[in-house]
Amino acid sequence: MTVQRKRRWIYLILVSVLLITTPGCTNPVEFIDCLLDGGHWAWAGDYCIGGGPEDDQKPAEMNSMNSDADADAVAAEVQPDPEAEAGNAAAPPQDEQPLPAEVTIASCLPQPDDYTIEITDHTEHEGDVKHNCNAKMMLTNNSNRKLLCASYRVHNYGGHNYEKWVNGGGYQSLEPGETTEMAEFYRCTGGSCGEGEWYYFREVSILYGTPECLQLIFSQEEKIPESIISIWNPCAW
């Protein structure tokens, strides 16, 4: 019988014996390899002492403890520095722009040269029985900024009698160089007009339409008094 075959028979016999006699937690193959390599087995920890590579002599518990220690070391390295983060949060952005100066009513009022008010299409006829009149008011933006305009109407026509800011008090936008019809005038007495009927616009509110002025305008419950301009009624008599 050759040495190799003899070693194999010894190996099989020892495995059979260990399967019966050794505790369930012991690995018979590792135990026999330890003995055949000249080492001795540590039953308390189920690992081989001597006779094998250095890594094989370490119990599983030791490897697990070393892995946990390595993980703790890595976690400690990546922990953020609270003081450094606080310093970064306190630093102002480099591209921060200074806040604009507080807007005032005066800065939102256009100059007299910034707009033109013109009465057009004025027609008037007075006969033996009836007297009537019609006209329009045109507004032109002469400035290089947007204007906001609102008009106040007095109405006594078709059984309706009222006076108010039109369009719910809202503003009409007028771009630079643009002209728009802001008002109509009408009056009739005598004949089929009975005791009289009319409508006309008494005043307009004109302001610059910049974002800052918009905030100022809509923060007010009423029209800004300084922005109100009286309108001549060409059909008054």
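Our structure's up above, just so we're on the same page.
Everything in this summary refers to the structure shown in the same document.

Quick notes on the rules
Residues numbered from 1 in each chain as written. Predicted model: local features only at pLDDT ≥ 70, side-chain atom pairs only at ≥ 80, totals over all residues. Heavy atoms only, no water. Helix = DSSP H or I, 4+ residues; strand = E, 2+ residues; numbered from the N terminus. Buried < 20%, exposed > 50% of the residue type's maximum accessible area, 1.4 Å probe, protein only. Contact = heavy atoms within 4.5 Å. Areas by Shrake-Rupley, 256 points an atom, 1.4 Å probe, with all protein chains shown as cover. Arc of directions from axis to C-beta. Salt bridge = Lys/Arg side-chain N within 4 Å of Asp/Glu carboxyl O.

Next up on the list: the overall build of the protein chain. A count of helical and extended segments in the protein chain gives five helices and ten strands. Buried positions account for 29% of the 237 residues belonging to the protein chain. For the protein chain, contacts bridging at least 24 residues in sequence account for 62% of all contacts bridging at least 6. Just so you have it, the protein chain exposes about 16000 Å², and 52% of that area is on carbon and sulfur atoms.

All of the buried residues in helix 5 (residues 211–218) are Cys-213, Leu-216 and Ile-217. End-on view of helix 5: buried residues confined to an arc of 100 degrees, all on one side of the axis. Residues of helix 5 that are exposed and point over 90 degrees away from its buried face: Pro-211, Gln-215 and Phe-218.

The next point concerns the pattern of salt bridges. What the rule picks out here adds up to five salt bridges. Of the charged contacts, one joins Asp-121 and Lys-136 as a salt bridge, the two residues approaching to 3.8 Å between their closest N and O atoms. With Asp-121 in strand 3 (residues 115–126) and Lys-136 in strand 4 (residues 131–141), the pair connects residues that are 15 residues apart, well separated along the chain. Measuring nitrogen to oxygen at the nearest pair gives 3.6 Å for the salt bridge that ties Lys-136 to Glu-181. Residue Lys-136 is found in strand 4, and its partner Glu-181 is found in strand 8 (residues 179–189); the two are separated by 45 residues along the sequence. Residue class for Glu-181 comes out partly exposed when judged on its relative accessible area of 33%.

These values are about where atoms sit, not about what they do.
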